[in-house]
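Results of the structural survey
Spelled out from the first residue to the last, the chains are:
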Amino acid sequence: MDADPPHQGVKVARRNTVHIPRPDISAIAGILRQHLREALPAEDLLPLAAIGQGATGAEVAGWARGARMLAREAGREMVLGDLLGQIAPPETRSPAQLLAVARHEAAHATATELLQVGTVTNLSLVSRGAFAGRTSARLRETLSMSAAELDALIVSTLAGRAADEHWGRVTSGSAGGAGSDLAVATSLVVGKHGTWGLGGSLLYRGDQAAATNLLKDPAFRKTCEADLDRLYGRARDFLNRHAGLVDRLAHHLVERRVMGGDEVRSLIGAQASGAGDEGAVVAVGGVHAGRELAAAFERGSRHG
C-alpha cells in the first residue's frame, strides 16, 4: 500500500493577520512625548504630530531618536528644529515665497480668531502635497450658523486672498481649484442665498450643488456676486486694520514653521472664545482646506 502523501492527516496552522492601525494625531503626540523624555517639555507637540500624520509608531519613535542624536552631536539641549527636521521635508522655497505663504495663512488664522469663526488648533508652513501651508481650526457647527456668523466665515475664508493683495499681488493660489478659497467662498455665498434662506429671499433653490448651477441665471448670479464683493471688501478692511498682527504672526511662523493654537492666540492677543468647540477640526484656506470646509457644510445641509 502506498504511503499517504505527507500533507494528509497533518494539521496546518493558519496564521491570522493582525492589522495594527496607524496612530492618529493625538496618539502621535503621545508617542513623541514618551520618547522625547525630558526634552522639549514646554512644546505643544500636536502641530508636529499633524505634520507627521500617517506615520507608524516606530517611525514616530525614530523621529525622537534622530532629534536626540542631532542635539547630542551638537553638544546642546534639543531644540524644536531638531525634531521638526526629522518630521518635515527640508525647506526649498525662497524667503520671499515663505513670507508670502505665511502671511496668507496668518490672515486666515487671525480672522478665524478675531471674528470668532472658530478656534485655531495649529498653523503650519510645511509644504505637503498640493498645499503650501495650512491653518487648521475647530469651526462652529454648520447646522446653527446665523447669517452674520456665515458672513464672518466667508470673510475669514477670503482673508488670505486679501493678504496676498495687501502685500503684493493676488495669485492663483487662492483660486482655480474646486476647493480653493475663492471657490469655497462662492459656494458659501450661493448656499446663503439659495439653500439656507439667510440672504434676501426665503426661496429654497436646492442644495449647494444645485444652487451653484443656478449661477447661470443672471439675476441670481448678480445677487451672489454683489454679496461676494461686499464680503471681500470686509476682508480687505479687516486686513488693513490688523495688518500689523498678521505680519507679526507671519514672521513668527516663518521662524517656527509650525505653531499651536495657544501660541497663535498669545501672539495676536486673542482669548480662547470657545467658538467652534462643538465642531470638527478642518483646514481653512488652500486646496485641501476648502474641500474639508465644503464637506462640513455639505454634511450640515444633509442633516438639516
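A brief structural summary. (Residues numbered from 1 in each chain as written. Predicted model: local features only at pLDDT ≥ 70, side-chain atom pairs only at ≥ 80, totals over all residues. Heavy atoms only, no water.)

Considerations on the overall build of the protein
- Across its full length, the protein carries twelve helices and four strands.
- Considering the protein as a whole, with its 304 residues, one finds that 44% of them fall into the buried category.
- At a minimum sequence separation of 6, the contacts of the protein that also span at least 24 residues come to 69%.
- Here the protein has roughly 15,900 Å² of accessible surface; of this, 53% comes from carbon and sulfur atoms. (Helix = DSSP H or I, 4+ residues; strand = E, 2+ residues; numbered from the N terminus. Buried < 20%, exposed > 50% of the residue type's maximum accessible area, 1.4 Å probe, protein only. Contact = heavy atoms within 4.5 Å. Areas by Shrake-Rupley, 256 points an atom, 1.4 Å probe, with all protein chains shown as cover.)

Here we look at the packing of aromatic side chains
- Under the counting rule described, the total for this entry stands at zero aromatic pairs.
- The ring of Phe220 has Arg205 lying over it, and the distance from NZ or CZ to the ring centre is 5.1 Å. (Phe/Tyr/Trp six-rings, centres within 6.5 Å; stacked < 30°, edge-to-face > 60°. Lys NZ or Arg CZ within 6 Å of the ring centre and 35° of its normal.)

Comments concerning the side chain of Arg68
- With respect to the element layout, Arg68 can be found in helix 3 (residues 57-74).
- Nearest to the buried, unbridged Arg68 among oppositely charged side chains is Glu38, at 5.6 Å.
- Once residues within four sequence positions are removed from consideration, Arg68 is found in contact with His35, Leu36, Arg37 and Met78. (Lys, Arg positive; Asp, Glu negative; His and termini not counted. Salt bridge = Lys/Arg side-chain N within 4 Å of Asp/Glu carboxyl O.)

A closer look at the pattern of salt bridges
- According to the stated counting rule, one finds 14 salt bridges in the structure shown.
- Glu91 is the salt-bridge partner of Arg257, the closest N and O atoms lying 3.8 Å from each other. Of this pair, Arg257 sits in the loop between helix 10 (243-256) and strand 3 (258-260) while Glu91 sits in the loop between helix 4 (80-87) and helix 5 (95-114), placing them 166 residues apart in sequence.
- Classification of Arg257 by relative accessible area gives buried; the value is 16%.
- When salt bridges that share partners are traced, they join Asp151, Lys192, Asp227 and Arg230 into one network.

Brief notes about the pairing of strand 1 (residues 118-124)
- The buried fraction of strand 1 amounts to six of the seven residues, a majority that puts the element mostly inside the structure.
- Note that strand 1 and strand 2 (residues 134-139) share six bridges and pair antiparallel. Bridging from a neighbouring strand, Val120 pairs with Ala137 of strand 2. (Pairing = 2+ DSSP bridges.)

Remarks on unusual backbone geometry
- Residue Arg37 is not a glycine yet carries a positive backbone phi of 55°.
- You can see Arg37 is positioned in the loop between helix 1 (25-36) and helix 2 (46-51).
- With a relative accessible area of 59%, Arg37 lands in the exposed category.
- Residue Leu40 is not a glycine yet carries a positive backbone phi of 50°.
- You can see Leu40 is positioned in the loop between helix 1 and helix 2.
- Accessibility expressed as a relative area gives 9% for Leu40, which makes it buried.

Notes on helix 4
- Residues of helix 4 that are buried: Leu80, Asp82, Leu83, Leu84 and Ile87.
- Where helix 4 is buried, its residues touch helix 1, helix 2, helix 3, helix 10 and strand 3.

Topic: the nonpolar core
- Core analysis: the biggest nonpolar cluster contains 50 residues, and Ile154, Leu158, Leu249 and Val264 have the highest contact counts within it.
- Contributions of two or more residues to this core are made by helix 5, strand 1, strand 2, helix 6 (147-166), helix 7 (181-194), helix 9 (218-241), helix 10 and helix 11 (261-268).
- Counting residues per element, this core draws most heavily on helix 6, which supplies nine residues.
- Not counting residues up to four positions away in its chain, the partners in contact with Leu158 are Leu182, Ala185, Leu228, Leu231, Tyr232 and Ala235.
- Of all hydrophobic cores here, the second largest spans 25 residues; its members include Leu32, Ala67, Leu83 and Ile87. (Core = buried A, V, L, I, M, F, W, Y, C linked by side-chain atoms within 4.5 Å.)

Some words on the environment of Thr195
- Take Thr195: it is sitting in the loop between helix 7 and helix 8 (208-213).
- Between the C-alpha atom of Thr195 and that of Ala209, which follows or precedes it by 14 residues, the distance is 9.6 Å.
- From its side chain, Thr195 meets the backbone oxygen of Gly206 in a polar contact 2.7 Å long. (Polar contact = N/O pair within 3.5 Å; in protein donor to acceptor, adjacent residues only side chain to side chain.)

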